[in-house]
Amino acid sequence: MNDEHGLEEQDVDILFFEIGGGVFGTDASQVLRIDRSLPEDITLPELGRLHRGNRALVFDTPEGEGHLKVDAVRGVRSIPVTQLRRMPPTTGAAPYAVGVCLDEAHTVLLIDLVETARTQGTQGRH
């Protein structure tokens, strides 16, 4: 799709996932694969209490692979960059909360997986 300057609008592939009753997103390019979760995988209780937690998003960190437990993976969709908003520094949000996007009239918090591992002080299994 072209804008008024003849440039192509950029899209970002966002992987949508569930933790507790909430839907969250992350840059799909961070995700290496989706795996079964193990007890030592990272959790983010501040985003909601896991219902099942039987899946894990696997991602690269400087220390090796990180694994974040999630309840479900909803899929990947291309979102125009213009629909993404960075988290303002004044919000006091956690460092892993990098922004938001609108998904079917719902605001979805965007998570940086590497920063999630860093803030949790553990990488999950390696």
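You'll find the structure just up there.
Residues numbered from 1 in each chain as written. Predicted model: local features only at pLDDT ≥ 70, side-chain atom pairs only at ≥ 80, totals over all residues. Heavy atoms only, no water.

Visitor: Go over the pattern of salt bridges with me, naming the residues and quoting the values.
Guide: In the structure shown here, the tally under the stated rule is four salt bridges. With a shortest N-O distance of 2.9 Å, Arg 74 and Glu 18 are connected by a salt bridge. Separated by 56 residues along the polypeptide, Arg 74 in strand 6 (residues 72-80) and Glu 18 in strand 1 (residues 11-19) bring together distant segments of the chain. The class for Glu 18 is partly exposed, based on a relative accessible area of 21%. Note that Asp 35 and Arg 33 form a salt bridge whose closest N and O atoms lie 3.6 Å from each other. What makes Asp 35 partly exposed here is its relative accessible area of 24%. One continuous salt-bridge network, built from bridges that share partners, spans Arg 33, Asp 35 and Glu 65. (Salt bridge = Lys/Arg side-chain N within 4 Å of Asp/Glu carboxyl O. Helix = DSSP H or I, 4+ residues; strand = E, 2+ residues; numbered from the N terminus. Buried < 20%, exposed > 50% of the residue type's maximum accessible area, 1.4 Å probe, protein only.)

Visitor: Just give me the short version of the layout of surface pockets, but keep the residues and values in it.
Guide: In this approach the atoms are scanned with a rolling probe the size of a water molecule, which exposes any empty space left behind. Of the pockets and cavities examined, the largest pocket occupies roughly 250 Å³. For the largest pocket, the lining is made up of 13 residues, of which Asp 27, Leu 84, Arg 86, Val 98 and Leu 110 are closest to its centre. Top element by residues in the lining of the largest pocket is strand 7 (residues 84-86). It accounts for three residues. Class assignment for the residues of the lining of the largest pocket results in six nonpolar, three polar and four charged. (1 Å grid on protein atoms, 1.4 Å probe; cavity = no way out; pocket = protein on both sides within 12 Å on 5 of 7 lines; lining within 4 Å. Points joined across faces, edges and corners; volume = space filled by probe spheres on them. Nonpolar A, V, L, I, M, F, W, Y, C, P; charged D, E, K, R; others polar.)

Visitor: Mind laying out the sheet that holds strand 9 (residues 106-111), listing which residues take part and the relevant values?
Guide: The strand order across the open sheet built from six strands is 6-1-2-9-8-7, with neighbouring strands paired in mixed fashion. Every other strand in the sheet has two partners, leaving strand 6 and strand 7 as the edge strands with one partner each. The mean angle between the axes of side-by-side strands here comes to 35°, regardless of whether they run parallel or antiparallel. Inspection of the sheet shows strand 8 (residues 97-103) paired to strand 9 by six bridges, in the antiparallel sense. The residue bridging Val 100 from the neighbouring strand is Leu 109, located in strand 9. (Pairing = 2+ DSSP bridges. Axes fitted to C-alpha atoms, helices over the stretch in contact; angles between N-to-C directions.)

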